[in-house]
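# Observations on chain architecture
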There are 2 protein chains.
Amino acid sequence: MARWEPNAPERLAQAALDLFAERGYENTTVIDIAQRAGLGKTTFFRHFQDKREVLFGRGTTNDLLAEAIAAAPPTAGPLEAVAHALDAAGRQVFTSARREFTVRRQAVIAANPELQEREALKNLTLIASMAEALERRGVPELTARVAAELGALASSIAYERWSRTGDGDDFGEIARRALDDVRAATPLC
Amino acid sequence: MARWEPNAPERLAQAALDLFAERGYENTTVIDIAQRAGLGKTTFFRHFQDKREVLFGRGTTNDLLAEAIAAAPPTAGPLEAVAHALDAAGRQVFTSARREFTVRRQAVIAANPELQEREALKNLTLIASMAEALERRGVPELTARVAAELGALASSIAYERWSRTGDGDDFGEIARRALDDVRAATPLC
DNA sequence: TAAAGTGATGGAACTAAGTTCCATCACTTT
DNA sequence: AAAGTGATGGAACTTAGTTCCATCACTTTA
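Residues numbered from 1 in each chain as written. Chains lettered and ligands numbered in written order. Predicted model: local features only at pLDDT ≥ 70, side-chain atom pairs only at ≥ 80, totals over all residues. Heavy atoms only, no water.

## Points about the overall build of chain A
Across its full length, chain A holds nine helices and zero strands. What you see in chain A, going N to C, is helices and strands ordered as α-α-α-α-α-α-α-α-α. Taken along the three principal axes of its C-alpha coordinates, chain A extends 55 × 35 × 30 Å. Every one of the 189 residues in chain A was classed for burial, and the buried ones make up 50%. When contacts within chain A are restricted to residue pairs at least 6 apart in sequence, those whose partners lie at least 24 apart make up 63%. On chain A, roughly 9,700 Å² of surface is accessible, and the fraction owed to carbon and sulfur atoms is 50%. (Helix = DSSP H or I, 4+ residues; strand = E, 2+ residues; numbered from the N terminus. Buried < 20%, exposed > 50% of the residue type's maximum accessible area, 1.4 Å probe, protein only. Contact = heavy atoms within 4.5 Å. Areas by Shrake-Rupley, 256 points an atom, 1.4 Å probe, with all protein chains shown as cover.)

## Let's talk about the protein's contact with DNA strand D
Neighbouring residues of DNA strand D: 22 residues in total, closest G40(A), T43(A), R46(A), K41(B) and K51(B). When the atoms of DNA strand D within 4 Å of the protein are grouped by moiety, sugar and phosphate amount to 55% of the total. For DNA strand D, a phosphate oxygen lies 2.7 Å from a polar atom in the backbone of K51(B). Between R52(B) and DNA strand D, the recorded distance is 3.1 Å, taken from a side-chain N or O atom to a phosphate oxygen. Here the surface near DNA strand D takes four residues from helix α3 (residues 41-47) of chain A, the largest share from any one element. Partitioned by chemical class, the residues of the surface near DNA strand D number six nonpolar, nine polar and seven charged. (Near = heavy atom within 4 Å. Polar contact = N/O pair within 3.5 Å; in protein donor to acceptor, adjacent residues only side chain to side chain. Nonpolar A, V, L, I, M, F, W, Y, C, P; charged D, E, K, R; others polar.)

## Some points on the packing of aromatic side chains
For the coordinates displayed, the defined rule picks out 16 aromatic pairs over all chains. Centre to centre, the rings of W162(B) and F171(B) are 6.1 Å apart; their planes meet at 90 degrees, and the pair counts as edge-to-face. Of the two residues, W162(B) and F171(B), neither departs from the other in class, the shared state being buried. Through pairs of rings, three or more aromatic residues link up here, namely F94(A), Y159(A), W162(A) and F171(A). Seen from the ring of F56(A), R105(A) lies directly overhead, with NZ or CZ sitting 5.1 Å from the centre. (Phe/Tyr/Trp six-rings, centres within 6.5 Å; stacked < 30°, edge-to-face > 60°. Lys NZ or Arg CZ within 6 Å of the ring centre and 35° of its normal.)

## Description of the protein's contact with DNA strand C
Around DNA strand C, 22 residues are found, and the nearest of them are K41(A), K51(A), G40(B), T43(B) and R46(B). Across the atoms of DNA strand C situated within 4 Å of the protein, the share located in sugar and phosphate is 55%. In the model, a phosphate oxygen of DNA strand C is placed 3.0 Å from a nitrogen or oxygen of the R52(A) side chain. In the model, a phosphate oxygen of DNA strand C is placed 2.8 Å from a nitrogen or oxygen of the H47(B) side chain.

## Overview of the packing of helix α8 (residues 141-162) of chain A against helix α9 (residues 171-185) of chain A
All names here are of chain A. The N-to-C vectors of α8 and α9 enclose an angle of 125 degrees; their axes lie 8 Å apart at closest approach. By the angle class used here, α8 and α9 are oblique. The handedness of the crossing between α8 and α9 is right-handed. Contacts between α8 and α9 involve L150, G151, L153, A154, S155, I157, A158, Y159, R161 and W162 from the first element and F171, I174, A175, R177, A178, L179, D181 and V182 from the second. By residue class, the composition of the contact of α8 with α9 is 13 nonpolar, two polar and three charged. (Axes fitted to C-alpha atoms, helices over the stretch in contact; angles between N-to-C directions. Parallel < 35°, antiparallel > 145°, perpendicular 65-115°, else oblique. Left-handed = near helix turned anticlockwise from the far one by under 90°.)

## A look at the side chain of E117(B)
With respect to the helices and strands, the residue E117(B) is situated in helix α7 (residues 113-136). What makes E117(B) buried here is its relative accessible area of 7%. Not counting the four nearest positions on each side in its chain, E117(B) is found in contact with E117(A), R118(A) and L121(A).

## Side note on the domain arrangement of chain A
Residues and elements named next belong to chain A. Here the domain parsing of chain A yields domain 1 (8-51) and domain 2 (61-185). The C-alpha-based centres of domain 1 and domain 2 are spaced at 28 Å. Every contact between the two is made by eight residues of domain 1 and, on the other side, eight residues of domain 2. Buried area between domain 1 and domain 2, summed over both chains or domains, comes out near 760 Å², and the portion from carbon and sulfur atoms is 57%. At the boundary of domain 1 with domain 2, the tally comes to two salt bridges. Between R104 and D18 there is a salt bridge whose closest N-O contact spans 3.1 Å. Our enumeration of links across domain 1 and domain 2 arrives at three residue pairs in polar contact (both at pLDDT 80 or more). Considering only residue class, the side of domain 1 that touches domain 2 consists of four nonpolar, one polar and three charged. (Domains from an automatic or database assignment. Buried area = accessible area lost by both parts, 1.4 Å probe. Salt bridge = Lys/Arg side-chain N within 4 Å of Asp/Glu carboxyl O.)

Listed below in structure tokens is the structure:
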């Protein structure tokens, strides 16, 4: 049994998402968030670097994707390994259980430039860790970077589609199709 | 003749870059910057949205690239149009005259996550405007997005190389080579 | 030449983000 | 029962960023 109400970070993140959705990111103070979670401002900043970070908390996605790339069959080419990673994202991030949460979160981010900045940078580090994971498979540096970029593009297209589909649809499959589309659309000159 | 010392934004930007390079972004207050430029805090925020923006002021690069893509020969493919845009960037942004400034600026950005976030988002809008410009040439949406992404990747590789070369080297040429390298490295599976 | 106009500026006062320090509280271990 | 431990909250602080208003330098009009 815990000493205090458990899961302070989760409660803060939930309170933040609710408030951001209700009245907007700008019109929500950190004190508002902490109060709704039954905590103080100090505790908020003990769990999150800053106000934006409350929406980006679990940064384990980098490792998740890198591990999936490492675990792809040795015969798989770079883009196939990336597809493997997108599959993993579908199984652990873009699940139907977390669907509503994810969609609300993305809507909040889309409404605020400060949050978009944070997401843009997180996305760059995500691309970098995919590229590194590919290099560890023996993929040449530049090819790895291109493959990671194409994977990120496919992922964002796949999110677009997934967020509009019914509950049964698997992100992994959608992402594979998106990656195929991207490959087919890649210009040669 | 101007009423006050002219070019307040330029003076502020120069003072900011100098101070950031001297003592770091975090250890420089907006008041420090304004004082060195002979101005007040209020005037700083009249010219720049926020402290980060002082390093990203002239946002005309988007239009520059879009116009260069529009002006590319009608026969040019998507990547050739992008190469045209990188040429234009070389002629107006990555010039040998602005070389020292640009390199110092990039070094300051590389040293601070807050600035990296701003740059990451600016880069996304830059990619978006290149993609739009390509679509206006009749390039299909997805192909346009991929071409713009590959162009951005080539540009960052080209900057890497350009920042290390001697003064005579032309960014446009370096970027064309980088784009060729990217194309050659693009994985098909 | 004098008066009114214009636009950039600076200062003061304010809110909110984020930090630091210290006391407290809830529960655990000795 | 007493000491220990880790999460918490409050107070006080610095800085980013906003708002409002007065002022100043120069221009235009009378």
